[in-house]
Amino acid sequence: MSHLDKEKKVLEKGKIVFETSEVIATNVYKVSPEMKERFDRLAEERIKQAREEALPKIRERYEQRVNEIRLQQQPKADDKGRI
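Residues numbered from 1 in each chain as written. Predicted model: local features only at pLDDT ≥ 70, side-chain atom pairs only at ≥ 80, totals over all residues. Heavy atoms only, no water.

### As for the overall build of the chain
Argument step 1. In terms of regular secondary structure, the chain is built from two helices and zero strands.
Argument step 2. Counting across all 83 residues of the chain, residues that qualify as buried make up 0%.
Argument step 3. For the chain, the accessible area works out to roughly 9100 Å², and carbon and sulfur atoms hold 55% of it. (Helix = DSSP H or I, 4+ residues; strand = E, 2+ residues; numbered from the N terminus. Buried < 20%, exposed > 50% of the residue type's maximum accessible area, 1.4 Å probe, protein only. Areas by Shrake-Rupley, 256 points an atom, 1.4 Å probe, with all protein chains shown as cover.)

### Here we look at the pattern of salt bridges
Argument step 1. Evaluation of the coordinates by the stated rule reveals two salt bridges.
Argument step 2. Between D40 and K36 there is a salt bridge, with the nearest N and O atoms lying 3.1 Å from each other. Linking D40 with K36, this pair stays in helix α2 (residues 33-73), spanning four residues, or about one helical turn.
Argument step 3. With a relative accessible area of 47%, K36 lands in the partly exposed category.
Argument step 4. When the shortest N-O distance is used, the salt bridge between E68 and R65 registers 3.2 Å. Linking E68 with R65, this pair stays in helix α2, spanning three residues, or about one helical turn.
Argument step 5. Residue E68 is classed as partly exposed on the basis of its relative accessible area of 41%. (Salt bridge = Lys/Arg side-chain N within 4 Å of Asp/Glu carboxyl O.)

Okay, here's the thing in structure tokens:
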């Protein structure tokens, strides 16, 4: 397949996507201000909990990686104990 054929094929695909685009619709529900406030509070609590759970794991992985880098950077001794 020549370079021009590939370009034509790409252009045709672009046209097809553009010509056959569809409208996306979704249902919208009314929420009272009290419910919205409740949902916002729940979302904040979930984010806070996720951060509290994630931070120790991130620190642990960071410390492991730092230790790996230190081990890689140390000069290696040969069989007779020389560096």
